[in-house]
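Each chain, letter by letter, is given below.
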Amino acid sequence: MQNDAQAVQILTQYWNDDVALQELHDGFVENTISNFYLPYGIAPNFLIDDTVYAVPMVIEESSVVAASAKAAKFWMDLGGFKTKVFGTEKKGHIHFTYDGEVQELLGFFRNLRKDLFEKLEPVQENMKQRGGGVTDINLIDRTGKIPNYYQFEFDFETVDSMGANFINTILETAADFIKDKANDNLRGELEIIMSILSNYNPGCVVRAQVSCPVDQLQTDTLSGKAYAEKFIKAIQIAENEVYRAVTHNKGIMNGVDAVVLATGNDFRAVEASVHAYASKNGSYQSLSHAKVESETFTFWLDLPLALGTVGGLTGIHPLVKFSLQLLQNPSAQQLMRIVASVGLAQNFAAINSLITHGIQKGHMKMHLNNMLTLLQVTDEERRIAEAYFADKTVSFSALKKLLHRN
């Protein structure tokens, strides 16, 4: 453990000398004592729906940016990534209990629905001007799971904002209105438990896909057909074996989270939604899939991505604003397409390594740099180490022995 002077020195060296910029960062969270930096990298060569992007990625894991860029370059020469947004619907719920007759509750909801939409008009005026707002409200009976438990389920379109604050404001406004009306019109007791958006977004899904003739997949050691067959088997394992599926999907999220972070979006919400989506069929499975039909190899994934390009940090964090400018100021749907494509690229790079030379060759080459930095080596020692491990397995013990650091 560092002494007080060492701790202060570590904390203050990451403090920003620009007072105004530091005050801006202080405002993001409470009790700020320093800034925690992560590398900000660029993955070039992403051809997505006939537009070329240089994609910003914020991540601390070695080889992720390089792998994404390499995969992007490979697919750029074969037509790039094609995407499709299936929907942008988000959901929120008023969770409540009711101890009366269900038919009475149904009648109450039918009579209330029109008045409820009218009550919400002032709250969603600005959102509706942008093309969004509440699109539907339904009563959901969950008494089979919990006695007397129901939901008012709201569907939302939030256009280019992620929409969390808007959704929660709508729900809480509606809950107060519903409670008042219930007191006057229901014989049973309606108790509001909570009102909150859901970060699970199966109605807000994008697909990213690549394809090419099988013979274009040929490597030094595998024919195109053999490569495709091995690749598809690797995917099938992740579709059927949970131990593999978790690591497989984690690799996808290496790419996804890095872009989500760089653009000021909530990677924790994205992670939660994606992993729930991976379990939608009753077991946890691969998010990506592959097939060969008519001598054409196709590789794709579907992801639920609730993202925003306005609101939140997008207008106030300097690097977030830079990221969005670098991405040509995308709409939320365009950002969904970009993020999904990076996730697919990262997955392709990982599987390609696994079925050919193995994952560690490239990963440990990148990791060697971290080891050398930790040992604070000289330029000459770095040159010796890089030459020595060019054709050998990297390990920290072997490195220390080579440099006489035992």
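The structure we're discussing is the one just above.
Only a predicted model underlies this, so the values are computations on that prediction, with no experimental measurement involved.

A. The arrangement of the sheet that holds strand 5 (residues 133-141) in detail. Spatial ordering of the open sheet is given by 5-6-4-7, a layout of four strands whose pairing is antiparallel. In the strand order of this sheet, the two ends are held by strand 5 and strand 7 (190-197), each with one partner. Taking the axes of each pair of neighbouring strands and ignoring which way they run, one obtains an average angle of 20° across the sheet. Summarising the sheet, strand 4 (residues 90-98) and strand 6 (residues 149-157) pair through eight bridges and their orientation is antiparallel. Considered in strand 6, the bridge of His95 is made with Gln151.

B. Expanded view of the environment of Asp115. Note on placement: Asp115 falls in helix 4 (residues 102-120). With relative accessibility at 36%, the residue Asp115 sits in the partly exposed group.

C. Expanded view of the sheet that holds strand 10 (residues 296-304). Read across the open sheet, the four strands follow the order 3-8-10-9; overall the sheet is antiparallel. Edge positions in the open sheet fall to strand 3 (82-85) and strand 9 (288-293), since each of these has one partner strand only. Pairs of neighbouring strands in the sheet enclose a mean axial angle of 20°, with direction left out of account. Pairing analysis gives nine bridges linking strand 8 (residues 205-213) to strand 10, with the strands arranged antiparallel. Counterpart to Gln209 in the pairing with strand 10 is Trp300.

D. Here's a closer look at the packing of aromatic side chains. Evaluation of the coordinates by the stated rule reveals 18 aromatic pairs. Judged by centre distance (5.4 Å) and plane angle (20°), the ring pair of Phe74 and Phe348 falls under stacked. Within this pair, whereas Phe74 is found in helix 3 (residues 64-76), its partner Phe348 is found in helix 11 (residues 332-355), the two being separated by 274 residues in sequence. Judged by relative accessible area, Phe348 falls into the buried class, the value being 6%. Here the aromatic cluster, defined as three or more aromatic residues joined through ring pairs, consists of Phe74, Trp75, Tyr227, Phe231, Phe297, Phe299 and Phe348. Sitting above the plane of the Tyr277 ring, Lys280 keeps its charged end 4.2 Å from the centroid.

Reading the values: rules and limits
- Residues numbered from 1 in each chain as written.
- Predicted model: local features only at pLDDT ≥ 70, side-chain atom pairs only at ≥ 80, totals over all residues.
- Heavy atoms only, no water.
- Pairing = 2+ DSSP bridges.
- Helix = DSSP H or I, 4+ residues; strand = E, 2+ residues; numbered from the N terminus.
- Axes fitted to C-alpha atoms, helices over the stretch in contact; angles between N-to-C directions.
- Buried < 20%, exposed > 50% of the residue type's maximum accessible area, 1.4 Å probe, protein only.
- Phe/Tyr/Trp six-rings, centres within 6.5 Å; stacked < 30°, edge-to-face > 60°.
- Lys NZ or Arg CZ within 6 Å of the ring centre and 35° of its normal.

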